Amino acid sequence: MRQEEFVQFELQPAKGLVEGVTVSEDGKSVEIVFFAKEQKECQLVLYQNKAALKKIKMFPCDSLTAPDLYGIRLTGEGICDFLQQCEYVFETGKQICQDPYMKATAGRNVFGKRGKLRGKFDFSHFDWQGENRKKVPFEDMILYQCHLRGFTRHSSSAVEAPGTYLGFCEKLKELEYLGINTIVFLPLYDFNEIMEKQEGKINYWGYTEDACYFAPKASYASCPERAVEECKTMIRRIHQMGMNVIFDMHFQKCPPQFILRCLRYYVMEYHVDGFLIDTSVVSEAWLSQDPILRQCKFLGAGWKTMGQVAGQRTVAEFNDAYQTVARRYLKSDEGQVAGFYEAFCRDAAGCAGVHYITQKNGFTLRDLVSYDIKHNEANGEKNQDGTQYNYSWNCGQEGSSRKKSVLQMRRKQTKNALAMLLLGLASPMILAGDEFGQTQRGNNNAYCQDNATTWLHWNLIEKNKDIYDFVRHLIAFRKEHTLYHRRETMMPIDSKGYGIPAISAHGIEPWEADFSYYSRDLGILFYGVYYGGNSIYMIFNMHWESHTFFFPALEKDKRWKCILDTGRENAENEIVVKKYKMESRSIAVFECIDTVKTPENPRISKKKIRRKPAR
């Protein structure tokens, strides 16, 4: 459309005071409102085909009520079609300003390349096709933290559109096969990845205040002009597969009304199920009083007042507390048994919990068992960046190794860490790639690495298939067992008079937990009558020597079936009566089942076992 054809549209002052772009229900009028603080005038600058098309002087919206708001109302047949061909900015005096409420962007179409940022108009209608969206409660969640670009950017992903929303859709079957049902995305809004003060460096993660929070990242789309559609297509596909979507929203220096409007926008327009937020920036009071957001899932630290809505928990504690104690116990530090037991079994009534042993900030799981210290030289900060406290152990050699003993220990420690993560009572979160041994070669702060360091290497699935299958096995067990879908809170007391607590700690001898400073041994009993399923007994031997553990006797004609043992191959389904030898640095899980003496299980005895009283 040429500039002279613009006259067909009627230009009037805006009637509303809502910042951003608003379209009327009949699609024949569009209002554009901008907050030009302490400015005497403001103009809307339209571009078409990258060239300036027209400057339109905007009217003060209300000189008494809102003197800093400027707006216009454009009316006429085809106004939406016309504006969707345009890009826009605002001009106040000699200053060019962006619309903080822009819903699509132009100028950042290629990741890592500079361009002139402008807003784009988006009035598109998206067909959600009956996506069959469902809410996954916290107790059922298996979370997966993922960088969208890095998920499929590597050539080994073999997708048609690597590093994009549509590329992610192509690999969703892998997550479904694994058992994942909740995806936690690092920022998907259009952030500026060019680090202006550090020439040549990329902000790969996206945690920056220079961001267009309402617009999906254009460079994550196979066709940047269709970023809105492709992002929604990805979310629709995720929901159709029965999974939930959580967005990581890193707000900086944003007013409360802006934050709340942004979160509501993603819930209503993009069908996002929840958010990971910084509770020091986003007040839980704002969320609890909002009719839309109070229904959503929120991950954060330090919740005080929010809890349940209609019987469903809406917030979960998300911090490094479990990561620290689990890592220290994994590497056999002294004095960790009591803290690990408490954290592993924590089951708060109001606030849920999310456990992780690795996340985007720090070592991958592979590096956690391969490096004693960080190796961040590639970041260009002389290895001064990143945390010093990794609580890691290289299993005998720093970095890559060909030693059989080192590789065997690393594999066992990897399985131990996965068992600690996926079998606790809190919702577990896996870092993308940990399921098949992704490494960053010791970089524990890969925020600026947009390369093979952070891109997932999908060929590792075959190389580390035993780890991949082990993760699937643990997730399947978690999904199938009643313990992890309980509705009542599990506590370490006999709250119902059964003679045995819901949760109890043990040592090498049953009912005699050893929380001493030099102990590395722990048994945990989840008593099944509290959740309507079979009892579970977990044994943790993080000592460098083997130990024989004796089982707590529960009921007549009950025996213990081995579910897994990280220290022994082929231990699965073995039936145990009284005791079990645990290899060094290993974890075993047993389920209490009804058994009878059979030719297949000749060692089972019907001899009555006396149950010790609960202590």
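Some points on the pairing of strand β5 (residues 51-57)
Then comes step 1: When strand β4 (residues 43-48) meets β5, the two strands line up antiparallel, connected through 6 bridges. When the bridges of β5 are listed, V45 appears paired with K55.
Then comes step 2: Here β4 folds back onto β5, and the loop between the two strands holds 2 residues, one of which, N49, carries a positive phi near 55°.

Examining the sheet that holds strand β23 (residues 427-431)
Then comes step 1: What the 8 strands build is a closed barrel, ordered β12-β13-β16-β17-β18-β21-β22-β23; its pairing is parallel. Averaged over all pairs of adjacent strands, the angle between strand axes in this sheet comes to 25°, irrespective of strand direction.
Then comes step 2: With 3 bridges joining them, strand β12 (residues 143-146) and β23 adopt parallel strand pairing. For L143, the partnering residue across the bridge sits in β23 and is M429.
Then comes step 3: Against the sheet, helix α5 (residues 227-240) touches β13 (182-185) and β16 (244-248), its axis set at about 140° to β16.

What to know about the nonpolar core
Then comes step 1: Counting residues in each nonpolar core, the largest one holds 146 residues, and the members touching the most others are F168, F185, M420 and F526.
Then comes step 2: Among the nonpolar cores identified, the runner-up in size contains 28 residues, and L53, Y70, C212 and A215 belong to it.

What about unusual backbone geometry?
Then comes step 1: Residue N49 is not a glycine yet carries a positive backbone phi of 55°.
Then comes step 2: Among the structural elements, N49 can be located in the loop between β4 and β5.
Then comes step 3: The exposed category is assigned to N49, whose relative accessible area is 71%.

With respect to the packing of aromatic side chains
Then comes step 1: This structure, assessed with the given rule, holds 50 aromatic pairs.
Then comes step 2: Between Y88 and F90, the aromatic rings sit 5.8 Å apart at their centres with planes inclined by 80°, giving edge-to-face as the arrangement.
Then comes step 3: Its end group placed over the ring of Y270, K232 keeps NZ or CZ at 5.0 Å from the ring centre.
Then comes step 4: Positioned above the aromatic ring of W205, the side-chain terminus of K360 is 5.5 Å from the ring centre.

Points about the pattern of salt bridges
Side chains that differ in charge, positive against negative, can pair when their charged atoms come close.
Then comes step 1: Scanning the entire structure with this criterion turns up 29 salt bridges.
Then comes step 2: Note that K171 is salt-bridged to E174, the shortest N-O span being 3.9 Å.
Then comes step 3: Judged by its relative accessible area of 26%, E174 is partly exposed.
Then comes step 4: Two residues, E334 and R520, come together in a salt bridge whose shortest N-O distance is 3.6 Å.

Comments concerning the environment of V21
Then comes step 1: Considering the arrangement of structural elements, one finds V21 in strand β2 (residues 20-23).
Then comes step 2: Its relative accessible area of 14% is what places V21 among the buried residues.
Then comes step 3: Between the C-alpha atom of V21 and that of F123, which follows or precedes it by 102 residues, the distance is 9.6 Å.
Then comes step 4: Setting aside residues no more than four positions away along its own chain, V21 makes contact with V30, E31, I32, Y88, D99, K103, F121 and F123.

Quick notes on the sheet that holds strand β26 (residues 536-541)
Then comes step 1: Strand order in the open sheet formed by 6 strands is β24-β25-β26-β31-β28-β29, with antiparallel pairing between adjacent strands. Unpaired on one side and paired on the other, β24 (503-506) and β29 (575-576) mark the two borders of the sheet.
Then comes step 2: In this sheet, strand β25 (residues 521-526) lies alongside β24 in antiparallel orientation, the contact comprising 4 bridges. Along β25, the bridge assignment pairs H506 with G523.

Comments concerning the confidence of the model for the protein
Interpretation of this model should avoid reading the predicted coordinates in detail wherever pLDDT is low.
Then comes step 1: For the protein, per-residue confidence averages 92 on the pLDDT scale, and 94% of positions sit at 70 or higher.
Then comes step 2: Here residues 597-615 is modelled with pLDDT under 50, and outside its nearest four sequence neighbours on either side it reaches 31 contacts, counting other chains as well.

Thresholds, definitions, all that
Residues numbered from 1 in each chain as written. Predicted model: local features only at pLDDT ≥ 70, side-chain atom pairs only at ≥ 80, totals over all residues. Heavy atoms only, no water. Pairing = 2+ DSSP bridges. Helix = DSSP H or I, 4+ residues; strand = E, 2+ residues; numbered from the N terminus. Axes fitted to C-alpha atoms, helices over the stretch in contact; angles between N-to-C directions. Contact = heavy atoms within 4.5 Å. Core = buried A, V, L, I, M, F, W, Y, C linked by side-chain atoms within 4.5 Å. Buried < 20%, exposed > 50% of the residue type's maximum accessible area, 1.4 Å probe, protein only. Phe/Tyr/Trp six-rings, centres within 6.5 Å; stacked < 30°, edge-to-face > 60°. Lys NZ or Arg CZ within 6 Å of the ring centre and 35° of its normal. Salt bridge = Lys/Arg side-chain N within 4 Å of Asp/Glu carboxyl O. pLDDT = per-residue confidence, 0-100.

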